[in-house]
Amino acid sequence: MLSVSDCHTECYLSHLYNSEIQASSYKMDFWASLHPILFLLLLLSTSLVSPRDEKVNEIMKSAPLIDGHNDLALQLRRYFNNNLTAVDLKTWNKTYTNINKLKEGNVGAQLWSAYVLCSAQYKDAVRLTLEQIDVIKRMCMKYPEFKLVTSSKGIENTEKISCLISIEGGHSIDSSLAALRMFYELGVRSMSLTHNCHTPWARSAIPHAGSVSPKTSLTDFGQEVVWEMNRLGMIIDLSHTAIDTAKAVLKISKAPVIFSHSSAYAICQHPRNVPDELLKMIKQDDSLVMVNFHSGFVACQKLSNISRVADHFDHIKKIAGYESVGIGGDYDGAIGFPQGLEDVSKYPALIEELLRRNWTEEELKAVLRDNFLRVFRKVEAVKEKLKDDTASEVEIPFKDIINTSCRLNLKDPFPPSNLGHTLSKTMPPAFTIICTVICYIISIILTG
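Residues numbered from 1 in each chain as written. Predicted model: local features only at pLDDT ≥ 70, side-chain atom pairs only at ≥ 80, totals over all residues. Heavy atoms only, no water.

1. Focus on the environment of S345
This is how the line gets drawn: Counting from the N terminus, the helices are the DSSP runs of H or I reaching at least four residues and the strands are the DSSP runs of E reaching at least two.
Here S345 is to be found in the loop between β9 (325–327) and α12 (347–356). When the C-alpha atoms of S345 and V107 are compared, they prove to be 8.5 Å apart, with 238 residues separating the residues in sequence.

2. Observations regarding unusual backbone geometry
Glycine aside, negative phi is the norm for most residues, and most peptide bonds take the trans geometry. One non-glycine residue with positive phi stands out, namely N82, at about 65°. If you trace the backbone, N82 turns up in the loop between α2 (72–80) and α3 (99–104). One non-glycine residue, C300, lies in the positive phi region at around 60°. Summarising the element assignment, C300 is placed in the loop between α10 (295–298) and α11 (306–320).

3. Thoughts on α12
Short version of the rule: A 1.4 Å probe rolled over the protein chains alone gives each residue an accessible area, and that area as a share of the maximum for its type sets the label: buried under 20%, exposed over 50%, partly exposed in between.
Counting buried residues along α12, 7 of its 10 residues qualify, which places the element largely inside the surrounding structure. For α12, the complete set of buried residues consists of Y347, P348, L350, I351, E353, L354 and L355.

4. Observations concerning the layout of surface pockets
Stated formally: Using protein atoms alone on a 1 Å grid, points that fit a 1.4 Å probe yet trap it form a cavity, whereas open point sets bounded by protein on both sides within 12 Å along at least five of seven lines form a pocket; residues with an atom within 4 Å of a point count as lining. Grid points are joined across faces, edges and corners, and a volume is the space filled by probe spheres set on the points. Three classes are used, and their members are as follows: Ala, Val, Leu, Ile, Met, Phe, Trp, Tyr, Cys and Pro are nonpolar, Asp, Glu, Lys and Arg are charged, and the others, Gly among them, are polar.
In this structure, the largest pocket spans a volume of roughly 430 Å³. Taken together, 20 residues make up the lining of the largest pocket; nearest its centre are S175, E395, I396, R407 and L410. Here the element with the most residues in the lining of the largest pocket is helix α6 (residues 177–185); it accounts for 3 residues. Counted by class, the lining of the largest pocket contains 10 nonpolar, 4 polar and 6 charged residues.

5. Some points on the packing of α11 against α12
Which entries qualify depends on this criterion: In this description, a line fitted to the C-alpha atoms serves as the axis of each element, helices being fitted only across the stretch in contact, and the angle between N-to-C directions of two axes falls anywhere from 0 to 180 degrees. Should the near helix be turned anticlockwise from the far one by less than a right angle, the crossing is left-handed, and should it be turned clockwise, the crossing is right-handed. Residue contacts follow a heavy-atom distance rule, with two residues in contact if any of their heavy atoms lie within 4.5 Å.
In contact at an axis separation of 10 Å, α11 and α12 are set at 65° when each is read in the N-to-C sense. As for the relative orientation of α11 and α12, their crossing is right-handed in sense. Note on element contacts: α12 touches α11 through A349, L350, E353 and L354, opposite I306, S307, V309, A310 and F313.

6. Comments concerning the pairing of strand β5 (residues 188–192)
To keep things clear, this is the line we draw: Strands pair, by our definition, only if DSSP identifies at least two bridges between them. By convention a crossover is right-handed if, when the strands point away from the viewer, the path from the first strand over the helix to the second runs clockwise.
The buried fraction of β5 is high, at 5 of 5 residues. Pairing between strand β4 (residues 161–168) and β5: 4 bridges, direction parallel. Residue pairing across strands places E168 opposite S192, the latter belonging to β5. Crossover handedness for the path β4 to α6 to β5: right-handed. As paired strands, β5 and strand β6 (residues 235–237) are joined by 3 bridges and run parallel to one another. Note that in β6 the partner of S192 across the bridge is D237.

7. Here's the deal with helix α9 (residues 276–285)
Because an α-helix packs 3.6 residues into every turn, residues spaced three or four apart end up facing the same way. Filter applied, for reference: In this description, one arc is meant: the one made by directions from the helix axis to the C-beta atoms.
Along α9, the positions that sit buried rather than exposed are L278, L279, M281 and I282. Looking straight down α9, one finds that the buried residues subtend no more than 160° of arc, so they occupy a single side. Away from its buried face, by an angle of more than 90 degrees, α9 presents the exposed residues K283 and Q284. Lining the buried residues of α9 we find α8 (243–252), β7 (258–259), β8 (288–291) and α11. Positive backbone phi, at 65°, marks D286, one or two positions downstream of α9.

8. A look at the pattern of salt bridges
Where side chains of opposite charge bring their charged atoms close, a pairing between them can arise. Spelled out, the test is: By definition, a salt bridge exists where a carboxyl oxygen of Asp or Glu is found within 4 Å of a side-chain nitrogen of Lys or Arg.
All chains considered together, the criterion is met by 21 salt bridges. A salt bridge links E363 to K317; the shortest N-O distance between them is 3.1 Å. In this pair, E363 is assigned in helix α13 (residues 361–385) and K317 in helix α11, connecting sequence segments 46 residues apart. Among the residues examined, E363 registers a relative accessible area of 12% and is labelled buried. Overall, K317 belongs to the partly exposed group, its relative accessible area being 25%. With its nearest N and O atoms 2.8 Å apart, the salt bridge here joins E353 to R357. On the basis of relative accessible area, E353 is assigned to the buried category, the value being 12%.

9. Observations regarding the nonpolar core
The tendency in soluble globular proteins is for nonpolar side chains to be buried as a group. Operational definition: Among the buried residues, those of types Ala, Val, Leu, Ile, Met, Phe, Trp, Tyr and Cys that are joined through side-chain atoms within 4.5 Å form a nonpolar core.
Ranked by internal contacts, the top residues of the largest apolar core, which has 95 residues, are F146, M191, L193, F293 and F313. In terms of residues, this core owes the most to one element, α11, which gives 7 residues. Leave out the neighbours within four places in its chain, and M191 touches S166, I167, G170, I173, L180, W201, V225, M229, M234, I235, I236 and D237. Formed by 18 residues, the second largest nonpolar core is a distinct cluster that contains I66, I155, L288 and F372.

10. As for the packing of α9 against α11
The following threshold applies: With respect to orientation, any angle under 35 degrees is reported as roughly parallel, any angle over 145 as roughly antiparallel, any angle of 65 to 115 as roughly perpendicular, and every other angle as oblique.
Here α9 crosses α11 at 60°, and the two axes come no closer than 9 Å. Judged by the angle between their axes, α9 and α11 are oblique. Of the two possible hands of crossing, α9 and α11 adopt the one that is right-handed. Between α9 and α11, the residues in contact are D276, L279, K280 and K283 and H315, I316, I319 and A320, respectively. A class-by-class count of the residues in the contact of α9 with α11 yields 4 nonpolar, 1 polar and 3 charged.

Right under this line is the structure:
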């Protein structure tokens, strides 16, 4: 039996339950009345968004992106000391790059940077570069989504993500044309002449502290490097070089060149970017600027957006033509990318922005892929033309080596400071015996 208070409670709960039913019914009636409006809004949003999304997808499927610069290999050393068993690159999320993101970004080919710090110059730069080449090759052989390639046809003949190896910084060859040739044999197809440090033969746009500038922007030996790269069929990369160095290279190179990850100086006055005078030379030489996405290079500040990046594309197109524009995001080589371009999966957002700015399908396919392939084919054509030329045997003058403490002078392997050691190493054994006998006889005569 219910008490009065229990009855009150039951009545109250019953009233509350009925009220909730009525409210729920009212809400359902309210949303039902809005269904036609919501349906029209959904239709409108679909009609506004889908065609452009579909167009971007169509363009990028028919012309998968070739990106000019990515430093994932540097992060593999940083996080895992190049131990590939310690990471799953399909889902690894502490970097701007993984395989799933590359696929989402419609990346068809990637120039992977084999980079070592400028502080390795004159020390163990060659060994460290070999290790970076090794990890790139192992990475591209481990994952079935990748295909290691060494030619323009290699890119065209696979539906996988093509892997090209690029050396970032001429300090990696330790001023040795022989080292350059051996890197080519290992699959390297591109090299930037400098990083943020001068080499003994080329000047950098942003010299590393303590880096000593050569006497000229591109020395005689530097010219030999350029010509040997032409002969080998290796793409010359001018990102990071000083303006005068880039000018000198553009004047003497027999093949077109690339700026693998640089932007337009007129939009952001950073020394790493390409001024209009160079853009005009690039147009004449049929060369290529692959735009860097790092906020510091596109906006000259920490924050940026897609629109600012697109401004660089518009400007290079205006000065040098759309044939001179490519994409070199520089992901995992810098920290801080524009809103909307946070990682390698976001490339479609840029293409959508360029479509909005009335770039044509032909122009976008050129930017995504065709411009780089054109340059690569011409580099290969120059190699074919020079196939009968012999390898250069020029050596850098020993006096031009800035730091010789870790370098043996093979023309004078036994310095005068250790004369006794020098004589013992250079005199024939018979001559040494004769001298010893004569000295012994003379000592007997003198001592009686």
